[in-house]
Amino acid sequence: MLSENALSKKVNMKFAIIIKSKKPVAIYNEIEKYINYLISTGIDIVIEESMAQAINIRIPTFKNEIPPGTDNIVVFGGDGTFLLAIRLMGAQDIPIIGVNIGSLGFLTEITMNELYHATELVMSGRADYEKRMRLSSRVVEQDKEVMSYYVLNDAVITKSTIARIVSLKINVDNRYVTKYRADGLIISTPTGSTAYSMAAGGPIVYPTMDSIIITPIAPHTLTNRPIILSADSIVEIELDTDDTDVVVTLDGQVSGAFKKSHKLVIKKSPHYVTLIKSQYRSYFDILREKLKWGER
């Protein structure tokens, strides 16, 4: 819990709250206690509209976008809920406290027991922050934008039909690289290297690095291996067939059809994500726990 000095101090801040739905009542009770604490310190609170009904406290709501002027976002959930917060944040860079209310996550690494101490550090200006690179991902058709998103994890191209191969042509910095014939293709950030990319055989890249990782999913040619590119690279991907059932998914949040006339253009985004770090564990601690390193 917070110190008595911190409890009595009024803070001029605004927090946005995002909660994973369908959790046990006990979890919501703990979240209510935390929100009441924030209110007692003078912090303004807003909560995502669709999740407000889970909390028995009447506070202002928002939808579709984190309100301008928000100083911090508190996410209660797992990595999927964290990515939802990123979508609602858009191009803003608002520090995020990721609070895990299930199994430990790569993004939501602060536990409920650590939350009050983390909040005290934020309010006093003593928190540790970590910047994470995002990718600007745009689907264009004859220079007209069809879909765009700033991804924290990855952009994924797959067939909508299970176990069907897709053929994709890759260019980097206007230079032809190769054609991938595979179940799909993942273009990820270092943060996303421990998500779908890792499951597909991609490398683990330290999350504060700036780089772009291309990982084929079950490539038809076994020598098509994952590759790590400079963060300054511009990656362009086009369909090499007339398939009509190909889909591009961005951070698992938005998706759409990917056609022969489309081009997926990916480059480093000018907008980063700022995480408030746990004082109790490192990235390697999380890797050991999540991936069971060292166990027999």
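Throughout what follows, the structure given in this document is the object of discussion.

## Some details on the pairing of strand 15 (residues 235-239)
Of all 5 residues in strand 15, 4 are buried, a share of seventy percent or more. One ladder, built from 3 bridges, connects strand 15 with strand 18 (residues 263-268); its direction is antiparallel. Bridge pairing in strand 18 links Val-235 to Ile-266.

## Re the packing of aromatic side chains
Scanning the entire structure with this criterion turns up 6 aromatic pairs. Seen in terms of ring centroids, Tyr-34 and Tyr-116 are 5.5 Å apart; in terms of plane orientation they differ by 80 degrees. Their pairing is edge-to-face. Of this pair, Tyr-34 sits in helix 2 (residues 25-40) while Tyr-116 is found in helix 4 (residues 112-124), placing the two residues 82 residues apart along the sequence. According to the relative accessible area criterion, Tyr-116 is buried, its value standing at 10%. Where Tyr-283 meets Phe-284, the ring centres are 6.1 Å apart and the plane angle is 65 degrees; that geometry is what we call edge-to-face. Clustering of aromatic rings is evident, with ring pairs tying together Tyr-34, Tyr-37, Phe-76 and Tyr-116.

## Some words on the packing of helix 2 against helix 4
Here helix 2 crosses helix 4 at 15 degrees, and the two axes come no closer than 11 Å. Judged on the interaxial angle alone, helix 4 and helix 2 are roughly parallel. The way helix 2 lies across helix 4 gives a crossing that is right-handed. For the pair formed by helix 2 and helix 4, the contact residues are Glu-30, Ile-31, Lys-33, Tyr-34, Tyr-37 and Leu-38 on the first element and Met-112, Leu-115, Tyr-116, Thr-119 and Met-123 on the second. The class makeup of the residues in the contact of helix 2 with helix 4 is 8 nonpolar, 1 polar and 2 charged.

## Considerations on the side chain of Thr-41
Tracing the backbone shows Thr-41 in the loop between helix 2 and strand 2 (44-48). Of note is the side chain of Thr-41, whose polar atom sits 2.6 Å from the backbone oxygen of Leu-38.

## Let's talk about the nonpolar core
Most often, soluble globular proteins have nonpolar side chains that are buried together. With 55 residues, the main nonpolar core has Ile-73 and Phe-76 as its most contacted residues. Beyond its immediate sequence surroundings of up to four residues, Ile-73 is in contact with Ala-16, Ile-18, Ile-66, Ala-85, Met-89, Ile-94, Pro-95, Ile-96 and Ile-97. Counting residues in hydrophobic clusters, the runner-up holds 28 residues, among them Ile-157, Val-166, Ile-187 and Ile-266.

## Describing a nonpolar patch on the surface
Together, Tyr-206, Met-209 and Phe-284 make up a nonpolar patch on the protein surface, roughly 290 Å² of accessible area in all. Note that Phe-284 resides in helix 6 (residues 283-291).

## Focus: the sheet that holds strand 11 (residues 175-182)
Sheet strands pair by backbone hydrogen bonding; their relative direction is either parallel or antiparallel. The 6 strands are arranged 8-7-18-15-10-11 in an open sheet whose pairing can be described as antiparallel. Each of the sheet's edge strands pairs with one partner strand only, and the pair in question is strand 8 (144-151) and strand 11. When strand polarity is set aside, the average angle formed by the axes of neighbouring strands in this sheet is 20 degrees. Relative to strand 8, strand 7 (residues 135-141) is paired through 7 bridges, and the arrangement is antiparallel.

## Focus on the pattern of salt bridges
Counted by the stated rule, this structure contains 15 salt bridges. Between Arg-132 and Glu-130 there is a salt bridge, and its shortest N-O distance comes to 2.8 Å. A single burial state applies to Arg-132 and to Glu-130, both of which are buried. Each of the salt bridges in this network shares a partner with another, and the network as a whole consists of Glu-109, Glu-130, Arg-132 and Lys-277.

## Section: helix 3 (residues 79-89)
Along helix 3, 8 of the 11 residues are buried, which leaves the element largely enclosed by surrounding structure. Among all positions of helix 3, only Thr-81, Phe-82, Leu-83, Leu-84, Ala-85, Ile-86, Leu-88 and Met-89 are buried. Two residues or fewer past helix 3, Gly-90 is found with a positive phi of approximately 65 degrees.

## Some points on the sheet that holds strand 17 (residues 254-257)
Pairing within the open sheet is antiparallel, and its 6 strands lie in the order 14-13-12-9-16-17. Looking at which strands have only one partner, the edges of the open sheet turn out to be strand 14 (227-230) and strand 17. Across the sheet, the axes of successive neighbouring strands diverge by a mean angle of 15 degrees, strand direction being ignored. Across 4 bridges, the pairing between strand 16 (residues 246-250) and strand 17 is antiparallel. The partner of Val-247 across the bridge, within strand 17, is Ala-257.

Scoring rules and cut-offs
- Residues numbered from 1 in each chain as written.
- Predicted model: local features only at pLDDT ≥ 70, side-chain atom pairs only at ≥ 80, totals over all residues.
- Heavy atoms only, no water.
- Buried < 20%, exposed > 50% of the residue type's maximum accessible area, 1.4 Å probe, protein only.
- Helix = DSSP H or I, 4+ residues; strand = E, 2+ residues; numbered from the N terminus.
- Pairing = 2+ DSSP bridges.
- Phe/Tyr/Trp six-rings, centres within 6.5 Å; stacked < 30°, edge-to-face > 60°.
- Axes fitted to C-alpha atoms, helices over the stretch in contact; angles between N-to-C directions.
- Parallel < 35°, antiparallel > 145°, perpendicular 65-115°, else oblique.
- Left-handed = near helix turned anticlockwise from the far one by under 90°.
- Contact = heavy atoms within 4.5 Å.
- Nonpolar A, V, L, I, M, F, W, Y, C, P; charged D, E, K, R; others polar.
- Polar contact = N/O pair within 3.5 Å; in protein donor to acceptor, adjacent residues only side chain to side chain.
- Core = buried A, V, L, I, M, F, W, Y, C linked by side-chain atoms within 4.5 Å.
- Patch = residues over 30% accessible without salt bridge, like charges linked within 9 Å, V, L, I, M, F, W, Y side chains within 5 Å.
- Areas by Shrake-Rupley, 256 points an atom, 1.4 Å probe, with all protein chains shown as cover.
- Salt bridge = Lys/Arg side-chain N within 4 Å of Asp/Glu carboxyl O.

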